[in-house]
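Each chain is listed here by its residues.
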Amino acid sequence: MQETKILLSEKEIPRQWYNIMADMPNLPNPPLHPGTKKPAGPDDLKAIFPMALIEQEMTSERWIDIPDEVLDIYALWRPSPLYRAKRLEDALKTPARIYYKYEGVSPAGSHKPNTAIPQAYYNKKAGIKRIATETGAGQWGSSMALAGSLFGLDVTVYMVRVSYNQKPYRRIAMETWGANVHASPSAVTNSGRKILEANPDNPGSLGIAISEAVEDAATHDDTNYALGSVLNHVLLHQTVIGLEAKRQLELIGEYPDIVIACSGGGSNFGGISFPFIYDKIHGRDIKAIAVEPVSCPTLTKGEYRYDFGDTAGLTPLLMMYTLGHDFIPPGIHAGGLRYHGESPLVSQLYKDGLIEARAYGQLSVFEAAITFAKTEAIIPAPESSHAIRAAIDDALLCREEGKSKCILFNLSGHGYLDLAAYSDYLAGRLVDYEYPDEMIRESLAKLPVV
Ligand SMILES: *Cc1c(COP(=O)(O)O)cnc(C)c1O
């Protein structure tokens, strides 16, 4: 019998995270203070982050120890399984060998607790009492709520209003884990009130919710802010995914030719790919592909320049591929991929040609999701299904070329709280929406000059 699932024992959870900043040929330009536009130092970040995370944000040390308290909680679901997608291969009649790492086994159903747990840990250790954060469809908010409950931290979540109204289940999960959830824009913060004055029906966006959470953290001494993607320390924490996958493949004598993950802010892509990009930097031939929606095409159509992480311009300016900080992507179902920017680390690697990017429309993504569900049994998150689409396309290319390549992708989460999206797809209610180039240009024209 061929191996279907490659498991590691609890003892084999990686003890260190991998920091790609130690090996990148070029580091991204530093973040800038939003007011002075001068490089932001540790002191500028102290109001909203604990020092341990600020250090991880800036260090060039290659390996960072994972604290025991974090390992103890990782052990609830890590190491996550690696599967050989044999039934999918058979259905595609491809000679390719397809593997996927499954992060949907975490209690919140996605990769996001990999960073929520250490972020809660370092904040607790620094004496912080409360975390303020934002969430779109709720994956990050629920991961932070979970982490807060495990470390005894209060959690306040600003949840994008459309999702708050349309997607109650993750909100209920957050509340079950004890978090306090506000629909954003809210009347709780100045940034929220200003937006509501202009338009009481504003549906909200991730950029607006980030402004509210950052303001909340900056104006309360006992409160810090936590971000679920984009920043260097977040990508660092997610490298447990790639480190485990590398070991799992090694156990069966495999090494990927292609590594694929969907990309919103870039943390799950960085998480699975960085340990392999280490090898690429050191001469190994391997392709890494970040997959995004055509309706929010940050890498494939954005520009590489400084931009704010939020709508109100409260966060430091980050050097990244961006569609403009007031870009409001259409309401596609892959809520986790609707962010205007891309992590500075992934952006720099893309700029330097070390990774590739690809964009798909949601109809072809759901088609791939259904094929996957029918062959591999798991109903995938709409976000993760972007990676499935790319893996299927590359496997079909292998069939055409008669090549047997090894393809690895990250299944970043399950879709059991996204069944309304499947219902829309099955009823023929979903449409493809490509963001018009002209509107991207308009949004980019409003970027800050530095
Ligand atoms: C949030 C989320 C993503 C996008 O994550 P990034 O790491 O920011 O790119 C992908 N898949 C799932 C299931 C998510 O919850």
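The model shown is predicted, which means the values in this text are computed figures rather than measured ones. (Residues numbered from 1 in each chain as written. Predicted model: local features only at pLDDT ≥ 70, side-chain atom pairs only at ≥ 80, totals over all residues. Heavy atoms only, no water.)

Asker: How should unusual backbone geometry be read in this particular structure?
Answerer: Leaving glycine aside, a negative phi is the common case for residues, and trans is the common case for peptide bonds. The peptide bond linking R78 to P79 adopts the cis configuration, its omega dihedral lying at -10°. Following the sequence through the fold, P79 ends up in the loop between α3 (68-74) and β4 (82-84). The peptide bond linking S184 to P185 adopts the cis configuration, its omega dihedral lying at 5°. Position of P185 among the secondary structure elements: in the loop between β8 (180-184) and α9 (190-198). With phi around 50°, K93 is a residue other than glycine that occupies positive phi space. By the secondary structure assignment, K93 is in the loop between α4 (86-92) and β5 (97-102). (Helix = DSSP H or I, 4+ residues; strand = E, 2+ residues; numbered from the N terminus.)

Asker: Whenever I open this one, the packing of aromatic side chains confuses me. Can you help?
Answerer: Any aromatic ring pair is given by two values, namely how distant the centres are and how the planes are angled relative to each other. Summed over all chains, the structure comprises 15 aromatic pairs. With a centroid separation of 5.5 Å and 50° between ring planes, the pair formed by Y18 and W63 is classed as tilted. Separated by 45 residues along the polypeptide, Y18 in strand β2 (residues 16-18) and W63 in strand β3 (residues 63-65) bring together distant segments of the chain. Exposure remark for Y18: the relative accessible area of 2% places this residue in the buried category. Site record: aromatic cluster; members linked through ring pairs are Y83, Y100, F372 and F409. (Phe/Tyr/Trp six-rings, centres within 6.5 Å; stacked < 30°, edge-to-face > 60°. Buried < 20%, exposed > 50% of the residue type's maximum accessible area, 1.4 Å probe, protein only.)

Asker: I'm lost on the site of the ligand in this one. Help?
Answerer: The local shell around the ligand holds 19 residues, among which K112, S229, G264, S267 and S412 are the closest. The separation between an oxygen atom of the ligand and a polar side-chain atom of K112 is 2.6 Å. Between the ligand and the protein, one listed contact pairs an oxygen atom with a side-chain N or O atom of Q139 at 3.4 Å. Contact with the protein chains removes 97% of the 390 Å² of surface that the ligand exposes when unbound. Partitioned by chemical class, the residues of the shell around the ligand number three nonpolar, 14 polar and two charged. (Near = heavy atom within 4 Å. Polar contact = N/O pair within 3.5 Å; in protein donor to acceptor, adjacent residues only side chain to side chain. Areas by Shrake-Rupley, 256 points an atom, 1.4 Å probe, with all protein chains shown as cover. Nonpolar A, V, L, I, M, F, W, Y, C, P; charged D, E, K, R; others polar.)

Asker: What should I look at first to understand the sheet that holds strand β9 (residues 223-225) in this one?
Answerer: Strand pairing within a sheet occurs via backbone hydrogen bonds; the two strands may be parallel or antiparallel. With parallel pairing, four strands are arranged side by side in an open sheet as β8-β7-β6-β9. Bordering the open sheet on either side are β8 and β9, each of which pairs with just one other strand. Averaged over all adjacent pairs, the angle separating strand axes in this sheet is 25°, with direction ignored. The pairing of strand β6 (residues 130-135) with strand β7 (residues 154-160) spans six bridges and is classified as parallel. Paired with E134 across the two strands is Y158, which belongs to β7. Strands in contact with helix α10 (residues 206-218) are β6, β7, β8 and β9; relative to β6, the strand with the most contacts, it is inclined by about 170°. (Pairing = 2+ DSSP bridges. Axes fitted to C-alpha atoms, helices over the stretch in contact; angles between N-to-C directions. Contact = heavy atoms within 4.5 Å.)

Asker: Sorry if this is basic, but what is going on with a negative patch on the surface here?
Answerer: Among the surface-exposed residues, E10, D68, E69 and D72 lie close enough to one another that they form a single negatively charged patch. Along the chain, the position of E10 falls in the loop between β1 (5-6) and β2. (Patch = residues over 30% accessible without salt bridge, like charges linked within 9 Å, V, L, I, M, F, W, Y side chains within 5 Å. Salt bridge = Lys/Arg side-chain N within 4 Å of Asp/Glu carboxyl O. Lys, Arg positive; Asp, Glu negative; His and termini not counted. Charge placed at Lys NZ, Arg CZ, Asp CG, Glu CD.)

Asker: Is there a simple way to explain the environment of I289 in this structure?
Answerer: Summarising the element assignment, I289 is placed in strand β11 (residues 287-293). Expressed as a C-alpha distance, the spacing of I289 and A357, which sit 68 residues apart in the sequence, is 5.3 Å. Other than its neighbours up to four places away in sequence, I289 contacts I258, V259, I260, A261, F269, E356, R358 and D394.

Asker: How do you make sense of the side chain of T94 when you look at a structure like this?
Answerer: Along the chain, the position of T94 falls in the loop between α4 and β5. Here A96 takes part through its backbone nitrogen, which lies 2.9 Å from a polar atom of the side chain of T94. At a separation of 2.7 Å, a polar atom in the side chain of T94 contacts the main-chain carbonyl oxygen of A395.

Asker: Sorry, what's going on with the nonpolar core here?
Answerer: What tends to happen in soluble globular proteins is that the nonpolar side chains get buried as a cluster. W17, Y74, M144, F274 and L408 are the most contacted members of the largest nonpolar core, which totals 70 residues. Among the elements that make up this core, the one with the highest residue count is helix α11 (residues 232-251) (seven residues). Each residue touching Y74, except ones within four places of it in the same chain, is listed here: I13, W17, I66, P113, N114, I117, P118, H237 and V240. If you look at the next biggest cluster of nonpolar residues, it comprises 27 residues, including L92, Y100, I260 and V291. (Core = buried A, V, L, I, M, F, W, Y, C linked by side-chain atoms within 4.5 Å.)

Asker: Help me understand the pairing of β8, please; the structure alone is not making it clear to me.
Answerer: The side chains of a regular strand alternate, residue by residue, between the two faces of the sheet. With four of its five residues buried, β8 lies for the most part within the structure. The pairing of β7 with β8 spans five bridges and is classified as parallel. Directly across from T156, in β8, lies its bridge partner N180.

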